[in-house]
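# Results of the structural survey
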Amino acid sequence: MKKNIIISWSSGKDSTLTLERLIESEEYQVVGLYTTYVKDEVPFQATPVPVLDMQAELLGLPLIKIEMPQAFPPNEVYQSTIIKALKESGLAIDGVAFGDMFCNGIEAYRRSFIEPAGWECVFPLLGQRSEDLAQEILQRGIKTLVVTTDGNALTSDYCGKWYSQSFLDSLPNGVDLCGEEGEFHTLVTETRSYKGKIELKLTHQERGERFTHQRYQAQCLPK
């Protein structure tokens, strides 16, 4: 019997690669996605909730949407809100999967509140080289737009570019190829797991003191 897994879903390439690896797994069965949002958007990606709904529709999976009071709520609020929402989701869950790549303490943090709830913590990408994961994302045809850049690492002209070999080749030294230090965040519009695609019309950029967000109009095009 495969274990039922729900995936922490950000809308970007890391959670998509996590999903595709788990779909191919003989041990796990993906039964849903969950996302946290603030004021109708995923923090950092700035992905609107309706776009998350489009992704879930194309994947044919339920999406558990969990509202947070702020981007960085107190740990006890963040953890208890997630556990409560997952327990009330109606889904039979054996484990929770995350797309974390770096062994920087995040694994222990996730386990500290997921495992006491009775679920397994699953990290399909943890500890693997960013160079290898970046190539896997491209080889799988995961079509990805860079929707947020951190001005401390990248200039705003990187925002709104497609994640491609030329994009990777253009990154400054010291910038992780998967943006795992928060240098950039992404939105997946098409992949082998989607039954269709999301079509974007790029409109404008919002440039803050530190972060730049690419804004767009999105249309879901099922097959």
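Located above this text is the structure these notes cover.
Per chain, residue numbering runs from 1 following the sequence as it is written. Predicted model: local features are reported for residues with pLDDT of at least 70 only, side-chain atom pairs are reported and counted for 80 or more only, and whole-chain, interface and lining totals are derived from all residues. No hydrogens and no water enter the side-chain calculation; it runs on all heavy atoms of the structure.

### Topic: the overall build of the protein
Helix and strand content of the protein: six helices and 11 strands. The C-alpha radius of gyration computed for the protein amounts to 17 Å, which stays within 12% of the reference 17 Å derived for 223 residues, consistent with globular compactness. Dimensions along the principal axes, computed over C-alpha positions, put the protein at roughly 45 × 40 × 35 Å. Exposure classes here rest on a 1.4 Å probe applied to the protein chains alone. A residue is buried below 20% of its type maximum, exposed above 50%, and partly exposed in between. Counting every position in the protein, which comprises 223 residues, the buried fraction comes to 52%. Here, residues are in contact when the closest pair of their heavy atoms is within 4.5 Å. Put simply, of all contacts in the protein between residues at least 6 apart along the chain, 69% involve residues at least 24 apart. For the area figures, the Shrake-Rupley method with a 1.4 Å probe applies, and any residue is considered shielded solely by the protein chains shown. Roughly 10,600 Å² of accessible area belongs to the protein as shown, and the carbon and sulfur atoms make up 47% of that amount. By the counting rule applied here, Lys and Arg register as positive and Asp and Glu as negative, while His and the ends of each chain are not counted. Think of each charge as sitting on NZ of Lys, CZ of Arg, CG of Asp or CD of Glu. Across the protein, the centroid of the 22 positively charged side chains sits 4 Å from that of the 31 negatively charged ones. Under the scheme used here, helices are H or I runs from DSSP no shorter than 4 residues and strands are E runs no shorter than 2 residues, and both carry numbers assigned from the N terminus. Radius of gyration means the value over C-alpha atoms here, while the globule rule gives 2.2 Å times the residue count to the 0.38 power.

### Re the packing of aromatic side chains
Only centres within 6.5 Å qualify two rings of Phe, Tyr or Trp (six-membered ring in Trp) as a pair; their planes then separate them into stacked at under 30 degrees, edge-to-face at over 60, and tilted for everything else. In total, this model carries eight aromatic pairs according to the counting rule given. Between tyrosine 158 and phenylalanine 167, the ring centres sit 6.0 Å apart and the planes meet at 80°, which makes this aromatic pair edge-to-face. Each member of the pair tyrosine 158 and phenylalanine 167 is classed as buried. Residues tyrosine 163 and phenylalanine 167 carry aromatic rings whose centres are separated by 5.8 Å and whose planes lie at 45° to one another, so their mutual orientation is tilted. For the pair tyrosine 163 and phenylalanine 167, a shared accessibility class is recorded, and that class is buried. In this structure an aromatic cluster arises from ring pairing among Tyr158, Tyr163, Phe167 and Phe184.

### Overview of the side chain of threonine 16
With respect to the secondary-structure elements, threonine 16 resides in helix α1 (residues 13–23). On the basis of relative accessible area, threonine 16 is assigned to the buried category, the value being 0%. Threonine 16 has contacts with Trp9, Ile142, Val188 and Thr191, leaving out every residue within four places of it along the chain.

### So, the pattern of salt bridges
Any two side chains of opposite charge can pair, given that their charged atoms come close. Every case where a carboxyl oxygen of Asp or Glu lies within 4 Å of a side-chain nitrogen of Lys or Arg is listed as a salt bridge. Counted by the stated rule, this structure contains 18 salt bridges. Overlapping salt bridges, with partners in common, bring together Glu20, Arg21, Glu24, Glu136, Arg140 and Arg192 in one network.

### With respect to the packing of helix α3 (residues 75–87) against helix α4 (residues 106–114)
Geometry is summarised by axes, namely lines fitted to C-alpha atoms with helices restricted to the contacting stretch, and by angles between N-to-C directions that run from 0 to 180 degrees. Where α3 contacts α4, the two axes come as close as 10 Å, and the packing angle between them is 60°. The orientation of α3 relative to α4 falls into the category oblique. In this structure, α3 crosses over α4, and the sense of that crossing is right-handed. In this structure, α3 uses Asn75, Tyr78, Gln79, Ile82 and Ile83 to contact α4, whose residues at the interface are Tyr109, Arg110, Ser112, Phe113 and Ile114. Geometric relationships in this document are graded by angle, where less than 35 degrees denotes roughly parallel, more than 145 denotes roughly antiparallel, 65 to 115 denotes roughly perpendicular, and other angles denote oblique. Put simply, a crossing is left-handed when the front helix is turned counterclockwise from the back one by less than a right angle, and right-handed when it is turned clockwise.

### Some thoughts on the sheet that holds strand β10 (residues 196–207)
Two strands pair under a simple rule: DSSP has to find at least two bridges between them. Pairing is antiparallel across the open sheet formed by four strands, whose spatial order is β9-β8-β11-β10. Taken across any chain shown, the strands that pair with only one partner, and hence form the sheet edges, are β9 (184–190) and β10. On average, each strand axis in the sheet is inclined to that of its neighbour by 25°, with strand direction left out of account. As defined by bridge partners, strand β8 (residues 143–150) adjoins strand β11 (residues 211–222) across three bridges and the pair is classed as antiparallel. Within β11, the residue paired with threonine 149 across the bridge is threonine 212. Contacts between helix α2 (residues 49–59) and the sheet are confined to β9, β10 and β11, with β11 contributing the most and set at about 40° to the helix.

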